[in-house]
Amino acid sequence: MPIQEGFRNQRLTVVPRRVVAEANSRPVTRRLMVTDTGYYPVAADHLMNRPHGIEEAVLILCAAGTGWASIDGVQYRVGSNAALLIPRGTPHAYGASADTPWTIWWCHLRGTDLPELIEAVGAGPSRPVISVRRLDRAVALLDEIVTVLERDHSPASLMGAAGAAWKLLTQIVADRAMPAPGDPLQRAMAYLAERLDSTVRVADLAALVGVSPSHLSALFRRATGGGVLAHHTALRMAQARNLLDTTDATVADIAREVGYPDPFYFSRHFRRMHEASPTEYRNRAKG
């Protein structure tokens with residue numbers, strides 16, 4: 001049952017520690033589990049102090065207003081569209097600001113996979129506050145976690161909450177990797193997506209979006225794991241696969257549509273990437 005703590009319209013549920021211990025021995029929930037979760041709207045005078053930390057990691061999503069956190073004695077501001085992520089066992093305190101109290105969704109997490117997920121998010125004791133690019137998606141997932149665990153604490157519900165928590169953490173990572181609207185990386189990606197039928201020079205693209213070629217390349221490597229031209233090639237090949245799957249166009253026509261005047265060069269390039277010729281790929285059973 002939800003536990004009342006005094007914030008108007010709040011939601012709060014805590015999984016009994018006996019249930020947590022049982023879930024910790026099951027295959028999925030031992031890897032990631034939500035043990036406590038809630039929603040505090042306009043949480044005036046909210047204050048929590050844990051000088052020795054707790055067994056779980058703490059994730060707080062600030063949806064509106066502002067708050068603060070002290071992690072290992074260092075003070076941080078937590079504004080809207082930000083998440084506070086505190087690893088297990090880390091001394092901490094946090095609370096709402098006096099002038100504009102925060103509205104927060106929160107959960108406590110444990111599990112063997114949690115340290116790697118926190119590392120992927122980019123948070124830690126020295127960097128506990130991270131930006132959240134898509135607040136709406138994060139709120140929806142935390143709402144799902146709260147709703148599932150308000151209903152009951154059955155193994156199925158704990159597994160459902162774990163899945164939503166996994167999605168929440170990985171979605172924060174994915175959203176932070178993608179560019180914000182209007183920034184150089186976003187404009188460069190949009191330009192490449194609109195020009196699948198032609199080649200693009202990195203220097204020309206960098207000049208177009210107002211950064212140096214080396215900086216643009218670094219932005220692409222950080223976001224996609226590869227360079228500018230590798231990303232453009234991946235887009236062209238994705239379009240080629242789509243055309244092979246959904247049309248009767250010839251390989252030569254598809255090659256021209258994705259910027260390869262020579263269909264034989266296109267076929268060689270396609271085979272290197274897919275370990276199959278375009279025709280072999282088209283004839284494969286899919287689905």
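Each chain carries its own residue numbering, running from 1 in the direction its sequence is written. Local features in this predicted model are restricted to residues whose pLDDT is 70 or higher, and side-chain atom pairs enter the listing and the counts only when it is 80 or higher, whereas totals over whole chains, interfaces and linings include all residues. Calculated side-chain values reflect all of the structure's heavy atoms, with hydrogen atoms and water omitted.

A.B. asks: I keep staring at the overall build of the protein chain and nothing clicks. Help me out?
C.D. replies: If you tally the helices and strands in the protein chain, you get eleven helices and ten strands. If one aligns the C-alpha atoms of the protein chain with their principal axes, the spans along those axes are about 70 × 45 × 30 Å. Out of the 287 residues belonging to the protein chain, those deemed buried represent 46%. Two residues form a contact once any of their heavy atoms are found within 4.5 Å. The contacts in the protein chain between residues at least 6 apart in sequence include a share of 70% that link residues at least 24 apart. Total accessible area on the protein chain is roughly 14,400 Å²; 54% of this is exposed by carbon and sulfur atoms. Here the protein chain carries 32 positive and 28 negative side-chain charges, and the mean point of each set is 4 Å from the other. Numbering of helices and strands runs from the N terminus; a helix is a DSSP stretch of H or I covering at least four residues, while a strand is a stretch of E covering at least two. Only protein chains enter the accessibility calculation, which uses a 1.4 Å probe; a residue is then buried when its area is under 20% of its type maximum, exposed when over 50%, and partly exposed in between. Computed by Shrake-Rupley with a 1.4 Å probe, the accessible areas treat only the displayed protein chains as cover when residues are assessed. Counted charges follow a simple rule, with Lys and Arg positive, Asp and Glu negative, and His plus the chain ends left uncounted. The location of each charge is read from NZ of Lys, CZ of Arg, CG of Asp or CD of Glu.

A.B. asks: I tried to follow the sheet that holds strand β5 (residues 67-71) on my own but got confused; where do I start?
C.D. replies: Should DSSP find at least two bridges between two strands, the strands are regarded as paired. Strand order in the open sheet formed by four strands is β3-β8-β5-β6, with antiparallel pairing between adjacent strands. Each edge of the open sheet carries a strand with a single partner, namely β3 (47-50) and β6 (74-78). Across this sheet, the average inter-strand angle for adjacent strands is 10°, counted without regard to direction. Pairing of β3 with strand β8 (residues 92-96), which is carried by four bridges, proceeds in the antiparallel orientation. Each bridged residue has a counterpart across the sheet, and for methionine 48 the counterpart in β8 is tyrosine 94. Working convention: axes come from line fits to C-alpha atoms, limited for helices to the stretch in contact. Angles between N-to-C directions cover 0 to 180 degrees.

A.B. asks: Sorry if this is basic, but what is going on with empty space enclosed by the protein here?
C.D. replies: Rolled over the atoms, a probe as big as a water molecule pinpoints where empty space is left. Grid spacing is 1 Å over the protein atoms alone, the probe is 1.4 Å, and a cavity is where that probe fits but cannot get out, while a pocket is an open set with protein on both sides within 12 Å along at least five of seven lines and lining residues have an atom within 4 Å of a point. Grid points are joined across faces, edges and corners, and a volume is the space filled by probe spheres set on the points. With the rule as written, the count across this model stands at one cavity of 30 Å³ or more. Put simply, the largest cavity is a space of about 40 Å³. Looking at the largest cavity, the residues that line it are Val132, Arg134, Arg137, Ala138, Leu141, Leu168, Gln171, Ile172 and Asp175. Elements supplying a minimum of two residues to the lining of the largest cavity: α3 (135-151) and α4 (155-177). In terms of residue count, the dominant contributor to the lining of the largest cavity is α4 (four residues). Under the convention adopted here, Pro, Cys and the residues Ala, Val, Leu, Ile, Met, Phe, Trp and Tyr are nonpolar, Asp, Glu, Lys and Arg are charged, and Gly plus all remaining residues are polar. Tallied by class, residues from the lining of the largest cavity come to five nonpolar, one polar and three charged.

A.B. asks: Before we go on, may I ask you to explain the side chain of histidine 232 in this structure?
C.D. replies: Within the element layout of this structure, histidine 232 appears in helix α8 (residues 228-246). Each residue touching histidine 232, except ones within four places of it in the same chain, is listed here: Leu192, Arg195, Leu196, Ser198, Thr199 and Val200.

A.B. asks: Could you clarify how one ought to interpret the nonpolar core in this entry?
C.D. replies: General note: in soluble globular proteins, nonpolar side chains tend to be found buried as a group. One finds Val34, Leu59, Leu61, Leu109, Ile145 and Leu149 to be the most contacted residues of the largest nonpolar core, which totals 39 residues. Among the elements of the structure, α1 (17-23), β2 (33-40), β4 (57-64), β7 (82-86), β9 (103-110), α2 (114-121), α3 and α4 are those that each provide at least two residues to this core. A total of nine residues in this core trace back to one element, the largest contributor, which is α3. Leaving out residues up to four positions away in the same chain, isoleucine 145 has contacts with Val34, Thr37, Ala161, Ala164 and Ala165. Only buried residues count toward a nonpolar core. Its members are Ala, Val, Leu, Ile, Met, Phe, Trp, Tyr and Cys residues joined through side-chain atoms within 4.5 Å.

A.B. asks: Hey, could you run me through the sheet that holds β7 in this one?
C.D. replies: Strand-to-strand pairing in sheets goes through backbone hydrogen bonds, with the strands running parallel or antiparallel. With respect to topology, six strands assemble into an open sheet ordered β1-β2-β9-β4-β7-β10, the strand pairing being antiparallel. Here the strands that pair on one side only, and so sit at the sheet edges, are β1 (11-14) and β10 (129-131). Strand-to-strand twist in this sheet, taken as the mean axis angle between neighbours without regard to direction, amounts to 20°. With seven bridges connecting them, β4 and β9 associate as antiparallel partners.

A.B. asks: I would appreciate a short explanation of the packing of aromatic side chains in the present structure.
C.D. replies: For any pair of aromatic rings, geometry is given as the distance between the ring centres together with the angle between the planes. Each Phe, Tyr or Trp ring (for Trp, its six-membered ring) is paired with any other whose centre lies within 6.5 Å, and the angle between the two planes then decides the class: stacked below 30 degrees, edge-to-face above 60, tilted in between. Applying the stated criterion across every chain yields a total of eight aromatic pairs. Between the aromatic rings of tyrosine 260 and tyrosine 265, the centroid separation amounts to 5.8 Å while the plane-to-plane angle is 40°, which identifies the pairing as tilted. Here the aromatic rings of tyrosine 260 and phenylalanine 266 are separated by 5.4 Å at their centres, their planes lie at 55°, and the arrangement is tilted.

A.B. asks: Any chance you could explain α4 here in plain terms?
C.D. replies: The periodicity of an α-helix, 3.6 residues per turn, causes residues three or four places apart in sequence to face the same way. The end-to-end C-alpha separation of α4 is 33 Å, in line with the 33 Å expected for 23 residues at 1.5 Å each. The set of residues buried in α4 consists of Ser157, Leu158, Ala161, Ala162, Ala164, Ala165, Leu168, Leu169, Gln171, Ile172 and Asp175. To estimate the expected span of a helix, count its residues, drop one, and scale the result by 1.5 Å.

A.B. asks: Would you mind showing me how to read the environment of proline 181 here?
C.D. replies: Mapped onto the elements of the fold, proline 181 is located in the loop between α4 and α5 (184-193). Considered as a pair, proline 181 and leucine 32 are 149 residues apart in the sequence and their alpha carbons are 33 Å apart.

A.B. asks: Even after reading the chapter, I still don't get the pattern of salt bridges, so can you show me in this structure?
C.D. replies: Any two side chains of opposite charge can pair, so long as their charged atoms come close to each other. The term salt bridge refers to a pairing of a side-chain nitrogen on Lys or Arg with a carboxyl oxygen on Asp or Glu at a separation within 4 Å. For the structure on display, the rule yields 15 salt bridges. In this structure, arginine 137 and aspartate 175 form a salt bridge, with 2.5 Å as the shortest nitrogen-oxygen distance. One end of the pair, arginine 137, is in helix α3; the other, aspartate 175, is in helix α4, and 38 residues separate them in sequence. For arginine 137, a relative accessible area of 32% translates into the label partly exposed. We note a salt bridge from arginine 151 to aspartate 152, for which the minimum N-O separation is 4.0 Å. On the basis of relative accessible area, arginine 151 is assigned to the exposed category, the value being 56%.

Geometric descriptors of this kind do not, in isolation, establish any biological role.
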